[in-house]
Structures are given as structure tokens and as C-alpha cells.
Amino acid sequence: LPDAFDWRNKSAVTHVKDQGQCGSCWAFSTTGNVEGVYAIKKGELISLSEQELVDCDKLDNGCGGGLPSNAYQAAMDMGGFETEEDYPYKGRDATCTFKKPAAKVQISGWVNVTSDETDMAKWLVKEGPISIGINANAMMLYVGGVSHPWKAVCSPKNLDHGVLIVGYGTDNKNKPYWAVKNSWGPHWGVKGYYLVYRGDGTCGLNLMCTSATMA
Ligand SMILES: CCC[C@@H](/C=C/S(=O)(=O)c1ccccc1)NC(=O)[C@H](Cc1ccccc1)NC(=O)N1CCC(N2CCOCC2)CC1
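Residues numbered from 1 in each chain as written. Predicted model: local features only at pLDDT ≥ 70, side-chain atom pairs only at ≥ 80, totals over all residues. Heavy atoms only, no water.

## Here's the deal with the pairing of strand S5 (residues 176–181)
Most of S5 is tucked away, with 6 of its 6 residues classed as buried. Of the two faces of S5, the one holding Pro176, Trp178 and Val180 and the one holding Tyr177, Ala179 and Lys181 are both buried throughout. Taken together, the 6 bridges between strand S4 (residues 161–170) and S5 define a ladder with antiparallel strand orientation. Across the sheet, the residue bridging to Gly169 is Tyr177, located in S5. Between the end of S4 and the start of S5, which pair antiparallel, lie 5 residues, with Asn174 showing a positive phi angle near 65°. (Buried < 20%, exposed > 50% of the residue type's maximum accessible area, 1.4 Å probe, protein only. Helix = DSSP H or I, 4+ residues; strand = E, 2+ residues; numbered from the N terminus. Pairing = 2+ DSSP bridges.)

## Quick notes on the nonpolar core
Counting residues in hydrophobic clusters, the biggest one holds 37 residues, and the most contacted among them are Met120, Ile130, Ile132, Ile134, Ile165, Trp178 and Tyr194. In this structure, Ile134 is in contact with Met139, Leu159, Asp160, His161, Val163, Tyr194, Cys203 and Leu205, ignoring residues within four places of it in sequence. One finds Trp26, Ile46, Val54 and Ala212 within the second-largest nonpolar core, a separate group that totals 17 residues. (Core = buried A, V, L, I, M, F, W, Y, C linked by side-chain atoms within 4.5 Å. Contact = heavy atoms within 4.5 Å.)

## Observations regarding the site of the ligand
Near the ligand you find 20 residues, and of these Gln19, Cys25, Gly66, Asp160 and His161 are the closest. Backbone polar atom of Gly66 to a nitrogen atom of the ligand: 2.9 Å apart, as the coordinates give it. His161 is positioned such that a nitrogen or oxygen atom in its side chain is 3.0 Å from an oxygen atom of the ligand. Considered on its own, the ligand offers 860 Å² of accessible surface; in the complex 67% of this is hidden by protein. Elements represented by at least two residues in the shell around the ligand include exactly helix H1 (25–42), helix H3 (68–78) and S4. (Near = heavy atom within 4 Å. Polar contact = N/O pair within 3.5 Å; in protein donor to acceptor, adjacent residues only side chain to side chain. Areas by Shrake-Rupley, 256 points an atom, 1.4 Å probe, with all protein chains shown as cover.)

## Section: the pairing of strand S7 (residues 209–213)
Among the 5 residues in S7, 4 count as buried, and that is most of the element. Alignment of strand S3 (residues 130–134) against S7, held across 2 bridges, turns out to be antiparallel. Paired with Ile132 across the strands is Cys209, a residue of S7.

## Thoughts on the state of the cysteines
Here the structure, examined in full by the defined rule, presents 3 disulfides. Put simply, Cys22 and Cys63 are joined by a disulfide, and their sulfur atoms are 2.1 Å apart. Across the disulfide from Cys22 to Cys63, rotation about the S-S bond amounts to roughly -95°, and the bridge is consequently left-handed. Residue Cys22 is found in the loop between strand S1 (5–6) and H1, and its partner Cys63 is found in the loop between helix H2 (51–56) and H3; the two are separated by 41 residues along the sequence. One disulfide bridge connects Cys56 with Cys96, the sulfur atoms lying 2.1 Å from each other. (Disulfide = S-S within 2.5 Å.)

Given below as C-alpha cells:
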């Protein structure tokens, strides 16, 4: 297992996006994972539509919240993902305008990924970025460095945000971290990313790990 790994160096991660005033973090977590799996499998990085999930995924609640696991299922039922270009983001609940012929990317299923953080790192290197649920309490005030809040202020029991693990490493103080892609724009955190302690279930980041599968 390499000491550090980052899918951003392998053209499997799109630019940092901004969900705006809409609780669609779950949709960004989902598209980020599928963008990564597709790039790894097909060798092409395509930005996928979150608005399609916000408008058309009836298993979830649009700007009111959702789960990547529901979104994978909904996308499979609908017939796939349209591109960001074909179905652009509006940042509000809107009427579904999904067109199956326009769907560029199909997934064949989804899996739960292990909650053992050593095995998560092995899985990431082999399979791609991992969609996770996390307690975002420590992200509200985050300005950089490796975030390692106490359990008391970041309970693993209150997962409220969907994000994407794209890599891992160790900082210059020898602190192991996960590199997490957020959807609050590129000016938040470290160029839109959250560096969070790796190894002790910080903020419950290891408890709802999923990924789409692709034939
Ligand atoms: C109102 C929705 C807020 C939104 C994220 C918004 S946010 O802006 O990124 C943010 C997060 C935290 C602090 C501040 C701001 N959160 C979600 O969508 C989170 C994301 C999440 C949580 C746990 C594991 C994985 C992903 N999910 C949720 O909020 N929910 C999970 C699904 C649930 N559905 C109810 C109807 O039946 C289907 C299920 C609705 C609540």
C-alpha cells in the first residue's frame, strides 16, 4: 500500500463544485464517485449532472437531503447519468427534464465499502474515490491543516453531509489524513478540500462508505 495516493493526480476527479443554497451534498458525493469510477474504467473524465438527481431522483429529497445509496439506485432505474453540460446545475429543486438518450454514463450497481480505514485505503487505490457520509460539524470552521476534532464535538452518530474521499497521505507532522472533496466551492478549506485525520473514525467518516460499480 503506497504511503500516499491521490486520484486527482490520475485525472479521475473533476473540479471542485459548489452546491450553493441547496442541501444537495448527497448528489455531489454521488456524481464525484461515478465520475471517478468511469474515469478509471473508461479512461475519460466527464463531469456528471447533480441537477438530474435533485430533480429526478424520487428516492431522495432534492435540496432537502438524500443518500448516495438511494441516488445510485435511482440513476440505475432512470437509465444513467447525463453530463453536467447537458443537464446543468441550478441549485434549487426543479422539474425533471431527464432524457434517457442523453444519458452518457450507466452504472451496474453499488456496494458498501469497508469501515476499516486501512482496508478503505486499499480499496481506494484499487477501485477509486469513495462516497462517504460524515458529521460536518468540524467543517463549518475549517480553514486548513489536518482536522482531528474530539468525538464529543463531532459525533459519528450524526452523519449529516455527503462528500468524497479522493486520496490519503501523511502531513509534515506525521499526521495521517484523508483528502476529502467537498462541494462548497474552491475557496472553502484547502482549495475546496477537507484534510481529516485518518485512522480513528473521525466524525464517522468510515461508517457510510459506498461506491457505484460499473460493468
Ligand atoms: C438538508 C440536507 C442537508 C444535506 C447537506 C447539506 S450541506 O449544505 O452540505 C451541509 C451539511 C452539514 C452542515 C451544513 C451544511 N445533507 C444530506 O443530504 C445528508 C447527506 C448524508 C447523510 C448521511 C450519510 C450520507 C449522506 N442526508 C440527509 O440529510 N438525509 C438522509 C436521507 C433522508 N431521506 C429522507 C426521505 O427518505 C429518503 C431518505 C433525508 C435526510
